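# Close look at the chain arrangement
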Amino acid sequence: SMKVNDLFPSKYATGADLHGRPITLTVSHVRAETMNPPGSAPVEKWVIYFDGAKKGIVLSRTLALQIAKAVGTDDISLWAGKPVTLYPETIRVAGQDRIAIRAKSPEGR
């Protein structure tokens, strides 16, 4: 069966890309990227990339704080090379269920 996401693959990873399972990845780099939401002014957001993963993940405040805790520093320049466990979490946004990407240390801290 073809889904809309198959026709228009998203540039960035979403919670659905985790297929309901946690995955431990090593941070490659974080960089600012310009997003062009339809009908809105361009906005700059931070995107985190992981070794071996094609898509980056747009950093929300929640995710950034979780990664900082997981890797033991809030200095983004020190995140590269550190392992992080990403996991999906269902959240309600405006009455809709969405799968958010969350992060914790591989040891479960």
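Look up: the structure comes first, before these words.
Cut-off values and rules
- Per chain, the residues get numbers from 1 upward, laid out in the order the sequence is written.
- Per-residue local features are limited, in this predicted model, to residues with pLDDT of at least 70; the limit for side-chain atom pairs, both in listing and counting, is 80 or more; totals at the level of whole chains, interfaces and linings are taken over all residues.
- Hydrogens and water molecules were not included; the side-chain quantities draw on all heavy atoms of the structure.
- Where helices and strands are cited, they refer to DSSP runs of H or I of at least four residues and of E of at least two residues respectively, numbered from the N terminus.
- For each residue, the accessible area found with a 1.4 Å probe, counting protein chains only, is set against the maximum for its type, and the residue is called buried under 20%, exposed over 50%, and partly exposed in between.
- Put simply, a salt bridge is a Lys or Arg side-chain nitrogen that is within 4 Å of an Asp or Glu carboxyl oxygen.
- For two strands to be treated as a pair, DSSP must find no fewer than two bridges joining them.
- What qualifies as a polar contact is a pair of N or O atoms within 3.5 Å, subject to a donor-acceptor requirement within protein and to the restriction that residues adjacent in sequence count only when both atoms come from side chains.
- Residues count as neighbours in contact if any of their non-hydrogen atoms are within 4.5 Å of one another.

### Comments concerning the environment of G72
Looking at the secondary structure, you find G72 in the loop between α2 (61–71) and β4 (83–93). Given a relative accessible area of 63%, G72 falls into the exposed group. For the pair G72 and S105, spaced 33 residues apart in the sequence, the C-alpha separation amounts to 8.8 Å.

### Description of the pattern of salt bridges
Summed over all chains, the structure comprises five salt bridges. Measuring nitrogen to oxygen at the nearest pair gives 3.8 Å for the salt bridge that ties K11 to E33. Taken together, the residues K11 in the loop between α1 (4–7) and β1 (23–35) and E33 in strand β1 connect sequence positions 22 residues apart. Judged by its relative accessible area of 58%, K11 is exposed. A salt bridge links R92 to D97; the nearest nitrogen and oxygen atoms lie 2.9 Å apart. In terms of burial, R92 and D97 fall into one category: exposed.

### A word on the pairing of strand β2 (residues 43–50)
As judged from the eight bridges shared by β1 and β2, these two strands associate in the antiparallel manner. Bridge pairing in β2 places R31 opposite V47. Where β2 meets strand β3 (residues 57–58), two bridges bridge the pair, whose relative direction is antiparallel. Within the sheet, the bridge partner assigned to I48 lies in β3 and is I57. A loop of six residues connects β2 with β3, the two strands running antiparallel in sequence, and G52 in this loop sits at a positive phi of about 80°.

### So, the side chain of E33
The class for E33 is buried, based on a relative accessible area of 8%. In terms of polar contacts, E33 uses its side chain to reach the side chain of R31, at 2.8 Å. Among all residues touching E33, those that are not within four sequence positions of it are K11, Y12, V43, E44, K45, V47 and Y49.

Without other data, these values stay purely geometric and don't point to any function.
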